[in-house]
Amino acid sequence: MDTEELRHYIEANSNVKHAYMNKTMEQLQEINRAKSPARRSNDAELDHQAEMMYANFIHDVHDKVVASTNLTGSDSYEQWINTIQRNEILESLEESIVDSDY
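What counts and how
- The numbering scheme is per chain: residues are counted from 1 as the chain's sequence reads.
- Restriction of local features to residues with pLDDT of at least 70 applies here, the model being predicted, together with a cutoff of 80 or more for giving and counting side-chain atom pairs; totals for whole chains, interfaces and linings are based on all residues.
- Just so you know, side-chain values use all the structure's heavy atoms and leave hydrogens and water out.
- Numbering of helices and strands starts at the N terminus; helices are DSSP runs of H or I of at least 4 residues and strands are runs of E of at least 2.
- Exposure categories follow from relative accessible area, calculated using a 1.4 Å probe and restricted to protein chains: below 20% of the type maximum is buried, above 50% is exposed, and the middle band is partly exposed.
- Only heavy atoms enter the contact rule, under which two residues are in contact if any of them lie within 4.5 Å.
- Computed with the Shrake-Rupley method and a 1.4 Å probe, the accessible areas treat only the protein chains shown as cover for residues.
- Between 30 and 60 degrees the pair is tilted, below 30 it is stacked and above 60 it is edge-to-face, where a pair is any two Phe, Tyr or Trp rings, Trp via its six-membered ring, whose centres lie within 6.5 Å.
- For this document, the term salt bridge refers to a Lys or Arg side-chain nitrogen within 4 Å of an Asp or Glu carboxyl oxygen.

A. Focus on the overall build of the protein chain. Summing up its helical and strand segments, the protein chain has five helices and zero strands in all. Counting from the amino terminus, the protein chain carries its helices and strands in the arrangement α-α-α-α-α. Buried residues in the protein chain amount to 31% of all 102 residues. Counting contacts in the protein chain only where the partners sit at least 6 residues apart, residues at least 24 apart contribute 70% of the total. Summed over all atoms, the accessible surface of the protein chain reaches about 6,700 Å², with 47% contributed by carbon and sulfur.

Structure follows, in structure tokens:
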């Protein structure tokens with residue numbers, strides 16, 4: 001499973017993206033409000049920043065799954081799904097996002 005396949009799986013089977021984007025947007029908006037009006041980013045720029053941060057997050061998750069399991073990018077989709085489910089990775093991701101402080 002490559003990073004893009006993992007992203008699709010996570011988005012189809014959990015609330016990870018929704019939780020991550022909400023938390024990230026709250027933080028980016030707070031940072032943006034602290035800036036002087038002339039230096040503030042518009043909503044499209046904030047959305048782009050959040051999407052880029054999410055893409056990096058998914059890449060990091062993929063790397064950590066590979067590092068902490070016997071999986072490689074070339075292992076079958078089913079092997080990845082079984083490992084994700086067996087190790088409750090989606091649940092752990094959701095919990096870590098909810099509990100995180102930026």
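B. Structural detail: the packing of aromatic side chains. The final tally for this structure, using the stated rule, is three aromatic pairs. Ring geometry for Tyr20 and Phe57: centres 4.7 Å apart, planes at 20 degrees, overall stacked. With a gap of 37 residues between them, Tyr20 in helix H2 (residues 16-34) and Phe57 in helix H3 (residues 43-68) connect regions that are remote in the sequence. For Phe57, a relative accessible area of 16% translates into the label buried. An aromatic cluster of three or more residues is present, and its members are Tyr20, Tyr54 and Phe57.

C. A look at the pattern of salt bridges. Under the counting rule described, the total for this entry stands at three salt bridges. Residue Glu4 pairs with Arg7 through a salt bridge whose shortest N-O separation is 2.3 Å. Of this pair, Glu4 and Arg7 both sit in helix H1 (residues 3-13), three residues apart, which is roughly one turn of the helix. Residue Arg7 pairs with Glu11 through a salt bridge whose shortest N-O separation is 3.0 Å. With Arg7 and Glu11 both in helix H1 and four residues apart, the pair spans about one turn of that helix. On the basis of relative accessibility, which here comes to 27%, the residue Glu11 falls in the partly exposed class. Several salt bridges converge on common partners, so that one network encompasses Glu4, Arg7 and Glu11.

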